[in-house]
Amino acid sequence: MSQQAPQKEHPLLRLILSAATLIALVVMVVTLAVKGTKNEISLGPGNKGIAVEPMKLKAVRDIGQWEFLTLNDEELVDSTESRILNSDKKITRIYYGTLRLGIDMTQLADDAVKMVGDTVDVTLPPVRLLDEDFIDETRTRSFYEKGSWDAKARQRLYDKAKRQMTARCMTEDNINIAQSYAVDEMTRVFESMGYVYVKVHF
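Residues numbered from 1 in each chain as written. Predicted model: local features only at pLDDT ≥ 70, side-chain atom pairs only at ≥ 80, totals over all residues. Heavy atoms only, no water.

## What about the pairing of strand 3 (residues 89-104)?
Alright, step 1. Summarising burial for strand 3: 13 of the 16 residues are buried, a large majority.
Alright, step 2. Note: strand 2 (residues 65-81) against strand 3, 16 bridges, orientation antiparallel. The partner of Glu74 across the bridge, within strand 3, is Tyr96.
Alright, step 3. In terms of strand pairing, strand 3 meets strand 7 (residues 141-146) through five bridges, oriented antiparallel. If you follow Arg93 over to strand 7, its bridge partner there is Ser142.
Alright, step 4. Where strand 3 meets strand 6 (residues 128-129), two bridges bridge the pair, whose relative direction is antiparallel. Paired with Leu101 across the strands is Leu129, a residue of strand 6. (Buried < 20%, exposed > 50% of the residue type's maximum accessible area, 1.4 Å probe, protein only. Helix = DSSP H or I, 4+ residues; strand = E, 2+ residues; numbered from the N terminus. Pairing = 2+ DSSP bridges.)

Here you go:
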């Protein structure tokens, strides 16, 4: 059986192979380094996040008053005044109101929107009544009225109706519903700006 003598490896070929191996190792190390640091932000001990661009914060503030829940209410309010010589005076009035629960985005704090890692973190102002003058006085009517009632007495009835409507509508359940809608809508706003991860809270 014939045998062939082993061929000698050319020095230039060995040099080329060594260089190729070195280049491949460098590329691998750089790739791993980039992959490991992608989408990461280093935060110091006292740093809770990095503010987003001022223009995006302004765009959110420019939304202004944002309504998330509308409640229609009617209240029956009465008052009685006793008199010694004459019969008692009594008045009963019906008030109608539309209460709008939402957020005033102009009250958004300067540090309310920031980047924490790869997530945009949004802290919203509290849900509140967007309009304090929610009673429709054009629909207010007297259900029963006996005796003479001046403007001050009627104002007291109005104020009582306003307190009752506020207590009936500004409940924890209604506020939670409005907050839930606010979180959903604000998340969509930032997703439309190109953010993938959004966290919204109050």
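## Observations regarding the nonpolar core
Alright, step 1. The biggest cluster of nonpolar side chains holds 39 residues, and the ones touching the most others in it are Leu124, Met186 and Phe190.
Alright, step 2. Put simply, the parts of the chain that give this core at least two residues each are helix 2 (54-61), strand 2, strand 3, strand 4 (113-116), strand 5 (119-123), helix 3 (151-169), helix 4 (172-192) and strand 8 (197-201).
Alright, step 3. With six residues, helix 3 is the largest single contributor of residues to this core.
Alright, step 4. When sequence neighbours within four positions are dropped, the list of residues in contact with Phe190 reads Val60, Val113, Val120, Val122, Tyr195 and Val198. (Core = buried A, V, L, I, M, F, W, Y, C linked by side-chain atoms within 4.5 Å. Contact = heavy atoms within 4.5 Å.)

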